[in-house]
Amino acid sequence: MKIHQPSQWHALTQDDVLRQLAADPSQGLDQTEWARRRALYGANALPVRRGQGPFVRFLLQFNQALVYILLAAVLVKLFVGAWVDAAVIFGVVFLNSVIGFVQETKALVALDALTRALTTEATVLRGGQRQRIDARELVPGDIVLLASGDKVPADLRLLHARNLRIEEAALTGESLPVDKRGGPVAADAALAERVNMAYSSTLVIYGGGSGVVTATGEHTEIGRISELIASTELLATPLTRQIAGFSRLLLIAILGLAALTFLVGLWHGQAWIDLFLAAVALSVAMIPEGLPVVLTITLAIGVARMAQRHAIIRRLPAVETLGSTTVICSDKTGTLTRNEMTVQALTAGGEVFELDGVGYAPQGAFRHAGLVVDAAQHPALLELLRAGLLCNDALLRHGDEGWKIDGDPTEGALLVAARKAGLDEATEHAAQPRRDAIAFESQHQYMATLHGGARPLAYLKGAVESVLARCSSALGPDGETAPLDAAAVHAQVETMARAGLRVLAFARLDTPPASSQFDHPDVAQRLSFLGLQGMIDPPREEAVRAVAACHSAGIRVKMITGDHAVTAAAIAAQIGLDGRVAAGALPEVLSGRELEALDDAALREAAQRSTVFARVTPEQKLRLVQALQARGEVVAMTGDGVNDAPALRRADIGVAMGITGTEVAKEAADMVLTDDNFASIEAAVEEGRGVFDNLVKFITWILPTNAGQGLVIIAAVMAAQPLPVLPVQALWINMTTAVLLGLALCFEPREADIMQRAPRVPGSPILTGELIFRIGLVGLMLLAGSWSLFEWALARGLSIEEARTIAVGVFAVGQSFYLLNCRSLKHSMFRLGLFSNPWIWAGIAAMMATQLAFTYLPFMNRLFHSAPIAAAEWLPIVAVGLAIYGVIGFEKMLRRNAS
């Protein structure tokens with residue numbers, strides 16, 4: 001049978017589509033048929049866009065201005081017959097290219113792993129059962145169920161649509177969501193007019209529906225678009241662009257300086273070959289070749305560390321922006337709180353009870369007047385709890401991950417409370433089996449269930465006003481009927497509400513209808529009021545600590561929630577969200593209605609002043625982000641719903657929830673929390689600060705080496721003296737110090753006070769005036785040490801090779817000591833802990849070992865024009881290193897004391 005092309009599915013009736021695909025809308029595919037089609041059609045994934053192949057990527061490592069200079073030096077060396085020098089320079093170039101290629105390959109592998117970690121899921125019918133599966137396992141003929149917030153996982157012919165609206169801008173360019181329906185459309189309908197189709201990668205904005213998969217993978221409409229945008233962004237951040245610009249300016253300056261040095265040498269009458277090599281040596285010495293590699297590795301380490309702390313970075317600019325965050329706007333439910341509703345207060349028979357315990361674990365004691373009581377000794381309390389258990393559609397279960405609720409969290413809290421009193425669901429349902437139920441509807445504000453058994457009755461739960469209106473009596477403390485005191489009930493409700501509790505009322509109908517069905521008129525009157533249960537979603541303990549850490553870091557945390565103002569204020573007070581408010585006092589709350597009345601100027605003031613925003617719409621969330629940004633704030637915003645996407649896109653850092661978040665929210669976010677926990681945002685900010693801190697340390701450490709070498713070579717040319725450092729030796733210093741010493745700083749642990757510092761000002765220079773002074777100071781000390789020891793060696797009759805070996809040793813040893821200074825830009829390494837970063841000591845040991853090889857191994861002497869030196873010659877070299885360590889340590893101490 002002919003299978004229609006994807007462009008024709010919209011023109012067929014539903015029956016024709018299902019017949020063509022041999023699909024059953026009520027059962028879906030069985031496992032055998034799915035396996036057959038999976039083998040036939042393959043995975044539902046777009047073909048991986050292969051970039052340049054490994055060989056091309058390796059050749060591109062040579063496409064750098066520095067490399068061209070070095071290759072020119074190789075040709076000159078070959079021209080003058082210096083075969084060994086040519087081989088060494090080319091070997092170093094080749095080795096640097098290999099290192100760059102390996103690091104780029106690792107980065108690509110990491111990004112690929114990140115893409116796999118963020119795969120789309122789909123809800124399907126398989127063998128009549130709803131299943132949540134990896135969307136890559138879909139095949140033509142699968143029945144897919146769509147809900148608001150889903151990303152359409154494949155091309156679908158819609159079978160049913162309930163108020164279904166889909167955003168197709170990524171596919172058609174249509175800016176407004178499209179209303180979908182199920183009937184056929186004209187065969188020549190344009191893509192944007194095919195209202196009975198849902199296309200892969202589009203986003204469900206509203207409503208729901210179901211459809212049959214007509215195409216997967218590269219055969220979908222999105223798969224046919226050649227301009228498909230890659231899902232993972234490349235490593236191009238403001239920081240890397242800033243460093244790239246700095247590198248370009250540095251390269252131009254160095255080449256200009258080299259040309260000037262060359263001309264001055266010619267004016268002095270020196271040979272052009274020698275001057276060219278001096279210019280090459282200067283260029284090689286002053287360009288920090290290791291900076292791009294270390295930058296990439298440091299960012300990669302930061303991303304990996306964030307992933308370990310439950311924060312997946314989708315857009316790499318987030319790594320550096322996190323370190324500059326000044327305001328975090330967080331949702332309440334599940335982020336600052338546990339998302340586990342917990343009953344904490346009950347009133348039954350006119351008595352008030354408190355209930356211990358947090359979360360869904362059925363462990364906790366009942367208290368009355370501060371004393372632990374047995375719920376079984378309080379008939380009214382037990383009946384209230386039984387009503388919450390039976391008038392309930394949730395399921396409490398225990399699994400590998402602890403106690404979980406299947407169903408509504410509010411109903412789950414009622415089950416947990418009943419369990420804490422010793423009531424068992426199976427036993428209670430067996431004694432009073434359900435015969436019928438009235439589902440909760442917003443216009444009625446209650447749910448009711450009809451039960452049989454030895455004593456047929458009905459239970460009702462819902463909003464206090466709705467339940468009280470149907471009650472004519474109440475249950476007394478002894479379990480007998482008593483008069484209803486509505487005023488006392490309202491007073492108890494107010495007390496609970498002031499504590500931020502969500503209050504549900506419960507009632508019982510003792511004379512239900514004799515039939516097995518009942519409806520709203522049957523529970524309209526003559527009910528007995530059983531009592532109240534007050535519950536709250538309690539704060540996460542780790543969120544309380546994380547908020548305190550943010551305050552210490554100069555980061556303000558604001559709660560933006562759709563919940564009621566009283567509840568939001570109560571949770572904010574428990575968390576300590578507003579540090580300006582005294583302990584126990586409620587912070588100021590702005591409601592969505594109040595925000596709506598503010599113009600932009602007033603909103604900017606209110607957004608800066610207030611900490612809690614309640615009953616806020618998604619549009620108001622976006623306005624709040626814009627208002628804070630207008631005040632110069634760097635804003636991180638959390639969200640999980642479809643309507644949060646505009647605010648997530650607008651925020652400097654959009655943070656989506658990995659568990660409860662919709663696909664739309666994840667698409668809009670820069671970062672996804674795999675545990676939906678506010679503490680993970682604070683951890684990511686901490687890691688972001690650590691990444692930037694280590695990059696600044698590396699730059700502060702590496703630049704004096706380049707400056708010192710360049711100054712030594714310039715001084716030699718200007719003085720018409722032999723070069724203290726040859727081009728191959730400069731390459732040796734740069735290669736070994738960057739790889740063996742510099743990389744160790746990438747692994748430097750975060751400093752203890754990193755979250756006590758003020759946020760970094762966006763756009764501020766990487767290096768402060770203090771650090772530029774330090775770089776210049778160390779560069780001059782390296783110049784003085786290497787030049788003086790080089791000249792002293794020549795004055796004592798040592799060979800030029802020995803003198804150069806000593807000069808190179810000054811850089812190797814001096815940078816090793818300076819590395820210890822750079823472990824912290826403010827504190828001594830003894831405060832950090834001598835062995836808190838073992839990579840530092842491993843790097844220094846490796847550096848010394850390679851430097852000894854450079855000095856004493858004959859083949860290294862031939863390659864690098866070095867020579868063995870007496871043991872006593874190391875003493876002044878080490879003295880220079882100690883001097884650098886001591887001077888910089890003293891300078892840091894002076895600055896600490898002055899601050």
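Just above, that's the structure.
The rules behind the values
Residues numbered from 1 in each chain as written. Predicted model: local features only at pLDDT ≥ 70, side-chain atom pairs only at ≥ 80, totals over all residues. Heavy atoms only, no water. Helix = DSSP H or I, 4+ residues; strand = E, 2+ residues; numbered from the N terminus. Buried < 20%, exposed > 50% of the residue type's maximum accessible area, 1.4 Å probe, protein only. Contact = heavy atoms within 4.5 Å. Phe/Tyr/Trp six-rings, centres within 6.5 Å; stacked < 30°, edge-to-face > 60°. Salt bridge = Lys/Arg side-chain N within 4 Å of Asp/Glu carboxyl O. Core = buried A, V, L, I, M, F, W, Y, C linked by side-chain atoms within 4.5 Å. Pairing = 2+ DSSP bridges. Axes fitted to C-alpha atoms, helices over the stretch in contact; angles between N-to-C directions. Parallel < 35°, antiparallel > 145°, perpendicular 65-115°, else oblique. Left-handed = near helix turned anticlockwise from the far one by under 90°. Nonpolar A, V, L, I, M, F, W, Y, C, P; charged D, E, K, R; others polar. Polar contact = N/O pair within 3.5 Å; in protein donor to acceptor, adjacent residues only side chain to side chain. Expected span 1.5 Å × (residues − 1). Patch = residues over 30% accessible without salt bridge, like charges linked within 9 Å, V, L, I, M, F, W, Y side chains within 5 Å. Areas by Shrake-Rupley, 256 points an atom, 1.4 Å probe, with all protein chains shown as cover.

### Brief notes about the overall build of the protein
A tally of helices and strands in the protein yields 30 helices and 28 strands. Taken over 899 residues, the protein has a buried fraction of 53%. Across the protein, contacts joining residues at least 24 apart in sequence account for 71% of those joining residues at least 6 apart.

### Some points on the packing of aromatic side chains
In this structure the tally under the stated criterion is 7 aromatic pairs. Judged by centre distance (5.6 Å) and plane angle (75 degrees), the rings of F58 and F94 are edge-to-face. On the criterion of sequence distance, the pair formed by F58 in helix α3 (residues 54–60) and F94 in helix α5 (residues 83–117) is long-range, its members being 36 residues apart. On the basis of relative accessible area, F58 is assigned to the buried category, the value being 17%. Ring pairing ties together the aromatic residues W732, F854 and F864, which thus form one cluster.

### Describing the pattern of salt bridges
It is possible for side chains of opposite charge to pair when their charged atoms get near one another. For the structure shown, the criterion picks out 39 salt bridges. A salt bridge links R386 to E428; the shortest N-O distance between them is 2.9 Å. Taken as a pair, R386 in helix α11 (residues 379–390) and E428 in helix α13 (residues 425–431) lie far apart in primary sequence, 42 residues in all. This pair shows no difference in class: R386 is buried, exactly as E428 is. The partner of R508 in a salt bridge is D510, with the nearest N and O atoms 2.7 Å apart. Salt bridges here are not isolated pairs; linked through shared partners, they connect E383, R386, E428, R455, R508 and D510.

### A look at the nonpolar core
Nonpolar side chains in soluble globular proteins tend to end up buried together. Core analysis: the biggest nonpolar cluster contains 67 residues, and V523, F529, L532 and F678 have the highest contact counts within it. With 7 residues, the top contributor of residues to this core is helix α23 (residues 678–718). Apart from residues lying up to four places away in sequence, F678 is in contact with I328, S330, T335, L336, A543, A546, V547, C550 and V557. V696, W701, V728 and L767 belong to the second largest nonpolar core, which has 64 residues in total.

### Examining helix α19 (residues 600–609)
All of the buried residues along α19 are L603, A606, A607 and Q608. Buried residues along α19 sit against β23 (556–560), β24 (589–591), α18 (592–596), β25 (612–614) and α20 (618–630).

### Thoughts on the pairing of strand β4 (residues 155–167)
Two elements, β4 and strand β7 (residues 203–215), share 10 bridges in a ladder whose sense is antiparallel. In the sheet register, I166 faces β7, and the bridge partner there is V204. Sheet topology places β4 next to strand β5 (residues 178–179); 2 bridges connect them, and they run antiparallel. Residue pairing in the sheet places R165 in a bridge with D179 of β5.

### Observations regarding the packing of helix α25 (residues 769–795) against helix α26 (residues 800–822)
One way to put it is that α25 packs onto α26 with a least axis distance of 8 Å and a crossing angle of 155 degrees. When the interaxial angle is binned, α25 and α26 end up roughly antiparallel. Judged by the sense of rotation from one axis to the other, the crossing of α25 with α26 is right-handed. Contact residues: R774, V778, L782, G785, S786, L789, F790, A793 and L794 in α25; I800, A803, R804, I806, A807, V810, F811, G814, Q815 and Y818 in α26. A per-class count over the contact of α25 with α26 returns 13 nonpolar, 4 polar and 2 charged.

### Examining the side chain of T449
For T449, the location among the structural elements is in strand β17 (residues 446–451). With a relative accessible area of 0%, T449 lands in the buried category. In this structure the side chain of T449 is engaged in a polar contact, spanning 2.8 Å, whose partner is the side chain of H451. Setting aside residues no more than four positions away along its own chain, T449 makes contact with L390, C391, R434, D436, A437, L457, A458, Y459 and F518.

### Observations concerning the environment of A565
Turning to its location among the elements, A565 is positioned in helix α17 (residues 565–575). Taking the C-alpha atoms as reference, A565 lies 9.5 Å from E588; in sequence the two are 23 residues apart. Excluding its chain neighbours within four sequence positions, the residues that come into contact with A565 are V589 and A614.

### A few points about the sheet that holds strand β27 (residues 653–657)
One open sheet accounts for 8 strands, arranged β8-β28-β27-β26-β9-β23-β25-β24; its pairing is mixed. Both edges of this open sheet fall to β8 (311–313) and β24, since each of them pairs with a single strand only. Strand-to-strand twist of the sheet, defined as the mean angle between neighbouring strand axes without regard to direction, takes the value 20 degrees. Pairing between β24 and β25: 3 bridges, direction parallel. What sits directly across from V589, in β25, is V612.

### Points about the environment of L336
By the element assignment, L336 lies in the loop between β9 (327–330) and β10 (342–348). Of the residues examined, L336 reaches a relative accessible area of 0% and is grouped as buried. Considered as a pair, L336 and V547 are 211 residues apart in the sequence and their alpha carbons are 9.1 Å apart. Sequence-distant contacts of L336, that is, excluding residues within four places in its chain, are made with S330, D331, P539, R540, A543, V547, M559, I575 and F678.

### Observations concerning α25
Relative to the 39 Å expected for 27 residues at 1.5 Å per residue, α25 spans 39 Å between its end C-alpha atoms, a close match to the ideal helical length. Phi turns positive one or two residues past the end of α25, at G797, with a value near 90 degrees.

### What about a nonpolar patch on the surface?
Taken together, the side chains of F55, V56, L59 and L60 make up a nonpolar region of the molecular surface, amounting to roughly 380 Å² of accessible area. Within the secondary structure, L59 sits in helix α3.

### Side note on unusual backbone geometry
Of note, A22 is a non-glycine position whose phi angle comes to about 50 degrees, a positive value. If you trace the backbone, A22 turns up in the loop between α1 (14–21) and α2 (31–41).

### A word on the pairing of strand β18 (residues 457–462)
With 6 of 6 residues buried, β18 is to be regarded as a mostly interior element. Side chains L457, Y459 and K461 of β18 all project onto a buried face; the interleaved residues A458, L460 and G462 project onto the opposite face, where all are buried too. Across 6 bridges, the pairing between β17 and β18 is antiparallel. What sits directly across from M447, in β18, is K461. With antiparallel pairing between neighbouring strands as the criterion, β17 and β18 make up a hairpin whose turn holds 5 residues, including G453 at a positive phi of roughly 100 degrees.

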